[in-house]
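In case you want the letters, here they are:
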2 protein chains.
Amino acid sequence: MTIRAGLDYRSAGVDIDAGAEAVRRIRDLARGTFTPGVLSEIGSFGGLFQPDLTGLTDPVLVSSADGVGTKLKVAFLAGRHDTVGCDLVNHCVNDILVQGATPLFFLDYLATGRLSPDVIEAVVRGIAAACTENRCALLGGETAEMPGFYADGEYDLAGFVVGIADRDRLIDGRGIRPGDPVIGLPSTGLHTNGYSLARRIVFDTLGLAVDSAPEGLDGRVGEVLLRPHRSYLPLVSLLLTEGAGGVRAMAHITGGGLTDNLPRVLPPGIAVEIDTRAWTPPPVFTFLQRHGGLTDAEAFRTFNMGIGLVIICAPDRRGTLLAACRRHGEPGAAVIGRVTTGDGTVRYG
Amino acid sequence: MTIRAGLDYRSAGVDIDAGAEAVRRIRDLARGTFTPGVLSEIGSFGGLFQPDLTGLTDPVLVSSADGVGTKLKVAFLAGRHDTVGCDLVNHCVNDILVQGATPLFFLDYLATGRLSPDVIEAVVRGIAAACTENRCALLGGETAEMPGFYADGEYDLAGFVVGIADRDRLIDGRGIRPGDPVIGLPSTGLHTNGYSLARRIVFDTLGLAVDSAPEGLDGRVGEVLLRPHRSYLPLVSLLLTEGAGGVRAMAHITGGGLTDNLPRVLPPGIAVEIDTRAWTPPPVFTFLQRHGGLTDAEAFRTFNMGIGLVIICAPDRRGTLLAACRRHGEPGAAVIGRVTTGDGTVRYG
């Protein structure tokens, strides 16, 4: 297209050609994630996926949408854009994993003020790497250039996953009974929640920079705060295979911490008691709580406090599950509480 | 939770309680869209959907992610938040419709600087209304409060749809032959594309306000620019039933206009000639082209120019399809061009 004197779309802040360049790079990255179910190329109107229904008697689709929240601001400060894509995918995958589903495909939404093909490529590289690790196809997505919406060099990022499970193998908490043990799996850090508060404490109150290495933190600020949200899929799929039948509920500990996420899987008349001495939160949590002057109640309702995923199981499966965790390289798994009768809340002791 | 002197999440700009209020309202709206396949409540980690596979021999999932782009800025200026949700859903539904798929469920991502339950409710009301019209369940979503990302009263919005089709009924353009007629279905206006340029012309160059009613426009600025992106599902599903076998390709005319979207469905060695005298673009396009000093090439690569969806069919189905359009209340459907041999481009005559 010839650019002439009149207003055109480029002068209005939208660069269709930079968009095309970004699409080419995204297409190559996405192709690398394709699994046998993918029937389409990136760039078709809709992505086509043919699920393998072999062995499923009553297939149910399980789907979740998520974002990365203001962890993105840390990525902007650090100029590092390849970790947030992992955060996004793993967050979504964990959300459907706790209901017993295996991911099939993923789509992303990436919105920027002005397209930088390099930044977009870094973000999508992270998304694609995590999709590959989770054996989940990056089936499509939308890259939007929205002048006036985002500051230069900034973007927002959302993701959407679709998985599948057999209906009678869905995990929904219905089988929970008082006395069931509550097992916590370690998080790698903040995962993707609590960043508005964490950033205020670290950057505003303490005046630290991304390359600061303050006492009490196990690394530089940027590195610690950008540690990727881990995927529990590899471990949990092994646990479900080996401990089949004993897992009664799982909760992904996201925004709202243990306090708000455990109640999401509790049936009526049930509560949970958490023993906070059962594990040691990683340094970042102690650091944030001390420098932010946060009560335990505030900290446990904002951060995951070192527990990224919770499993509630039948009492007689506790040993099997913990042994399986150790055998599969997760020695930090621990019983962190127990189920009681109650009003659907989480109490800390 | 008691708020005390230390930093808490509310003082960091995140209001968990306002979030909970928004979630309650969203839950009620979403429930109204539930179809028999929905097995979960809003608020579970993943949404559960059991597709009805009756009559499908080889089910394929078709999925798309989209946003509304800077049309949102017009909604902010007009203080009207119930139309952008329709735009979002209908855009996504059309994207999978052109491949022959029927929508099953939808998820949204809504990110704001500061949660306003009223604005969120208006946006989700629009989403839910469009989901109901498209018989598509609003299965879940994410509402993110991201202080420092979005200006007060502003938000971004993305959507994800999953639909289903039998593999041998997918529509993919493979059957296109030179000589095939190209049928255009009318758009209601800009739909969701070209808003960065349209806003620059209308608000910056011309200095108009949302309630201006300038000569040459068929309504007030805000009303014309916010006309919802229409869903072609009701009409096209009737056409596919009645003209079964004759539809060789469909293209949703989004960002990039006819120029960039038609090539997405053309097989190698094929091009399209469009006769721009075959229809009259609605006033908004003439208005924007004149006041923006846009060449035809620029206008047709930025705006849909009055054609929201294109059908390429076998020559002998042309009469049947046009008659079916008229019978189903779409008298504006017209042959707007024809398929030729060529290099995958769109030429205008």
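Keep in mind that what you see is a predicted model, and the values were worked out from it rather than measured.

Cut-off values and rules
For every chain, the first residue of the written sequence is number 1, and numbering continues from 1 along that sequence. Chains carry letters from A onward and ligands carry numbers from 1 onward, assigned in written order. Where local features are concerned, this predicted model is filtered to residues with pLDDT of at least 70; where side-chain atom pairs are given and counted, the filter is 80 or more; whole-chain, interface and lining totals use all residues. Only heavy atoms go into the side-chain values, all of them from the structure, while hydrogens and water stay out. Only heavy atoms matter for contacts: two residues are in contact if any of them lie within 4.5 Å across the pair. Note on terms: buried area is the combined drop in 1.4 Å-probe accessible area of two parts once they are placed together, counting the loss on both. Salt bridge, as applied in this entry: a Lys or Arg side-chain nitrogen positioned within 4 Å of an Asp or Glu carboxyl oxygen. Polar contact criterion, stated in full: a pair of N or O atoms within 3.5 Å, where within protein one must be able to donate a hydrogen and the other to accept it, and residues adjacent in sequence count only if both atoms are side-chain atoms. Secondary structure elements follow DSSP: runs of H or I of four or more residues count as helices, runs of E of two or more count as strands, with numbering from the N terminus. Residue classes follow a fixed rule: Ala, Val, Leu, Ile, Met, Phe, Trp, Tyr, Cys and Pro count as nonpolar, while Asp, Glu, Lys and Arg count as charged, and any other residue, Gly among them, counts as polar. Where each domain starts and ends follows an automatic or database-derived domain assignment.

Engineer: How would you sum up the interface of chain B and chain A? Please name residues and give values.
Structural biologist: Taken together, the contact pairs 90 residues of chain B with 91 residues of chain A. Taking both sides of the interface into account, the surface hidden between chain B and chain A amounts to around 6800 Å²; carbon and sulfur atoms contribute 62%. Across the chain B-chain A interface, the total number found is 0 salt bridges. There are 19 residue pairs in polar contact (both at pLDDT 80 or more) connecting chain B and chain A. Broken down by element, the residue count for the side of chain B that touches chain A peaks at 9 residues, all from strand S2 (residues 59-67) of chain B. Here the side of chain B that touches chain A is composed, by residue class, of 46 nonpolar, 27 polar and 17 charged.

Engineer: Any chance you could break down the domain arrangement of chain A for me, citing the residues and the numbers?
Structural biologist: Residues and elements named next belong to chain A. Examined at the domain level, chain A breaks down into domain 1 (12-46 + 54-169) and domain 2 (181-348). The C-alpha-based centres of domain 1 and domain 2 are spaced at 25 Å. With 21 residues of domain 1 in contact, the opposing surface of domain 2 contributes 23 residues. For the pairing of domain 1 and domain 2, the buried interface totals around 2100 Å² over both sides, and the portion due to carbon and sulfur atoms is 68%. A per-residue breakdown of the area domain 1 buries against domain 2 is headed by Lys 71, Leu 97 and Val 98, which together make up 28% of the total.

Engineer: Before we move on, could you go through unusual backbone geometry and cite the residues and values that matter?
Structural biologist: Residue and element names in this part refer to chain A. A positive phi angle is found at Arg 135, which is not glycine, with a value near 50°. Within the element layout of this structure, Arg 135 appears in the loop between helix H4 (117-133) and strand S4 (137-145). Positive phi outside glycine occurs at Met 305, with the angle close to 60°.

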